[in-house]
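Structural characterization, general
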Amino acid sequence: DAAHDVGARAVLLAQPLPAVTLRRNPVAAEYARIAADVAAERRVPFVDGWAAFAASGRPDSELFADFCHPSPAGHALLADAVAEALADEAGAGDD
């Protein structure tokens, strides 16, 4: 609501994690589901970072700098996905 009130556009992003981190912290996948639910409830775009990383076909070793932080390549994938979500939202307003 606050973003909308000042004319900003919000996007919710599910931050992906490497498989090894997810095995140690399986509840992290639940955060992604909750983010998707909140995005739907608030009618804001949702970017599934997990899906973006999986679709890239690249290994975790290329997409993450460590146990949870995306590498430059990972950040580029997420940035592209966010930009696409914003463009899709802007285009939807043209209808």
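Residues numbered from 1 in each chain as written. Predicted model: local features only at pLDDT ≥ 70, side-chain atom pairs only at ≥ 80, totals over all residues. Heavy atoms only, no water.

Overview of the overall build of the protein
Per the secondary structure count, the protein includes six helices and two strands. A principal-axis box enclosing the C-alpha atoms of the protein has dimensions of 40 × 25 × 20 Å. The buried share of the protein, taken over its 95 residues, is 26%. Relative to all contacts within the protein whose residues are 6 or more apart in sequence, the contacts with residues 24 or more apart total 64%. Total accessible area on the protein is roughly 6,200 Å²; 57% of this is exposed by carbon and sulfur atoms. The centroid of the 7 positive side-chain charges in the protein is displaced by 7 Å from the centroid of its 15 negative side-chain charges. (Helix = DSSP H or I, 4+ residues; strand = E, 2+ residues; numbered from the N terminus. Buried < 20%, exposed > 50% of the residue type's maximum accessible area, 1.4 Å probe, protein only. Contact = heavy atoms within 4.5 Å. Areas by Shrake-Rupley, 256 points an atom, 1.4 Å probe, with all protein chains shown as cover. Lys, Arg positive; Asp, Glu negative; His and termini not counted. Charge placed at Lys NZ, Arg CZ, Asp CG, Glu CD.)

Focus: the nonpolar core
Membership of the largest hydrophobic core is limited to six residues, which are Ala14, Leu17, Ala28, Ala32, Trp50 and Cys68. Those residues within four positions of Ala32 in sequence are excluded, and the remaining contacts are Ala14, Phe46 and Trp50. (Core = buried A, V, L, I, M, F, W, Y, C linked by side-chain atoms within 4.5 Å.)

Description of the environment of Ala8
Here Ala8 shows up in the loop between helix H1 (2-5) and strand S1 (12-14). Assessed through its relative accessible area of 39%, Ala8 is described here as partly exposed. Each C-alpha atom, one on Ala8 and one on Gly91, is 16 Å from the other, the two residues being 83 residues apart in sequence.

Side note on helix H6 (residues 72-92)
Counted at 1.5 Å a residue, the expected span for H6 with its 21 residues is 30 Å, and the 30 Å between its end C-alpha atoms agrees. Taken together, the buried positions of H6 are Ala73, Gly74, Leu78, Ala81 and Ala85. Down the axis of H6, the buried side of the element spans an arc of 145 degrees, and every buried residue falls inside it. Counted as exposed and oriented over 90 degrees from the buried face of H6: Pro72 and Asp80. Close packing links the buried residues of H6 with S1, strand S2 (46-48), helix H4 (49-56) and helix H5 (60-63). (Expected span 1.5 Å × (residues − 1). Arc of directions from axis to C-beta.)

Let's talk about the pattern of salt bridges
Evaluation of the coordinates by the stated rule reveals four salt bridges. The salt bridge partner of Glu62 is Arg58, with a shortest N-O separation of 3.0 Å. Relative accessible area serves as the criterion here: at 36%, Arg58 is assigned to the partly exposed category. Ionic contacts of the salt-bridge type, sharing partners, join the residues Glu30, Arg33 and Asp37 into one network. (Salt bridge = Lys/Arg side-chain N within 4 Å of Asp/Glu carboxyl O.)

So, to be careful, I would describe these as geometric facts and stop short of saying anything about function.
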